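Below are the chains, spelled out letter by letter.
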Amino acid sequence: MKELVEVIAKALVEKPEEVIVTEKENGKSTIVELKVAPSDMGKVIGKQGRIAKSIRAVVKAAAAMKDDKKVIVEIVQ
């Protein structure tokens, strides 16, 4: 899931070299943390959080097909 989030985020931002994605296993769930440059934060979140919701939906669908695990995408500063 880490690679999927990274590809999506790098396509959205102006500074793809500053995209950092980490993945942590937490029991039955996986937490994927996405960090981008402060100037790109709005591009990743989108108006009213629509882009962030879309990223989460795509990752959730991919996880359901692959591992049947719960995947949480967090966008951090």
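Structural data are supplied above this passage.
Position labels on residues start from 1 in each chain and follow its written sequence. Thresholds applied to this predicted model are a pLDDT of at least 70 for local features of residues and 80 or more for the giving and counting of side-chain atom pairs; totals over whole chains, interfaces and linings are not thresholded and use all residues. To obtain the side-chain values, all non-hydrogen atoms of the structure were included, while hydrogens and water were left out.

A. Just the side chain of S29, in detail. Strands are runs of DSSP state E lasting at least 2 residues, helices are runs of H or I lasting at least 4, and numbering of each runs from the N terminus. Structurally, S29 is set in strand β2 (residues 29-35). Note on definitions: a residue-residue contact is assigned when non-hydrogen atoms from the two residues lie within 4.5 Å. With near-sequence residues (within four places) excluded, S29 lies in contact with K24 and K70.

B. Here's a closer look at unusual backbone geometry. Look at Q48: it is not a glycine, yet its phi comes out positive at around 55°. Structurally, Q48 can be placed in the loop between α2 (41-45) and α3 (50-66). Judged by relative accessible area, which is 67%, Q48 ranks as exposed. Any residue under 20% of the maximum accessible area for its type is buried, any over 50% is exposed, and the rest in between are partly exposed; the area is computed with a 1.4 Å probe on protein chains only.

C. Highlighting the nonpolar core. We define a nonpolar core as any set of buried Ala, Val, Leu, Ile, Met, Phe, Trp, Tyr and Cys residues linked to one another through side-chain atoms lying within 4.5 Å. One finds V5, V19, L34, V36 and V59 to be the most contacted residues of the largest nonpolar core, which totals 16 residues. Sorting the residues of this core by element identifies α1 (2-12), β2, α2, α3 and β3 (70-76) as the ones contributing at least two each. The element best represented in this core is α3, accounting for three residues. The residues contacting V19, other than those within four sequence positions of it, are A9, K10, V13, L34, K35 and V36.

D. Representation of the pattern of salt bridges. Any Lys or Arg side-chain nitrogen found within 4 Å of a carboxyl oxygen on Asp or Glu counts as a salt bridge. Here the structure, examined in full by the defined rule, presents four salt bridges. In this structure, E14 and K43 form a salt bridge, with 3.1 Å as the shortest nitrogen-oxygen distance. Note that E14 is positioned in the loop between α1 and β1 (20-26) and K43 in helix α2, a separation of 29 residues in sequence. The class for K43 is partly exposed, based on a relative accessible area of 31%. Its salt-bridge partner being D40, residue K43 comes within 4.0 Å of it at the nearest N-O pair. On the basis of relative accessible area, D40 is assigned to the buried category, the value being 2%.

E. Layout of the sheet that holds β2. With respect to topology, three strands assemble into an open sheet ordered β1-β2-β3, the strand pairing being mixed. One side of each edge strand has no neighbouring strand; the edge strands of this open sheet are β1 and β3. Strand-to-strand twist of the sheet, defined as the mean angle between neighbouring strand axes without regard to direction, takes the value 20°. Strands were regarded as paired on the criterion that DSSP finds at least two bridges between them. Taken together, the seven bridges between β1 and β2 define a ladder with antiparallel strand orientation. Directly across from T22, in β2, lies its bridge partner E33. Angles here are taken between N-to-C directions and fall from 0 to 180 degrees, while the axes themselves are lines fitted to C-alpha atoms, restricted in helices to the stretch in contact. Taken strand by strand, α1 contacts β1, β2 and β3, and its axis lies near 155° from that of β1.

These figures capture arrangement, not role.
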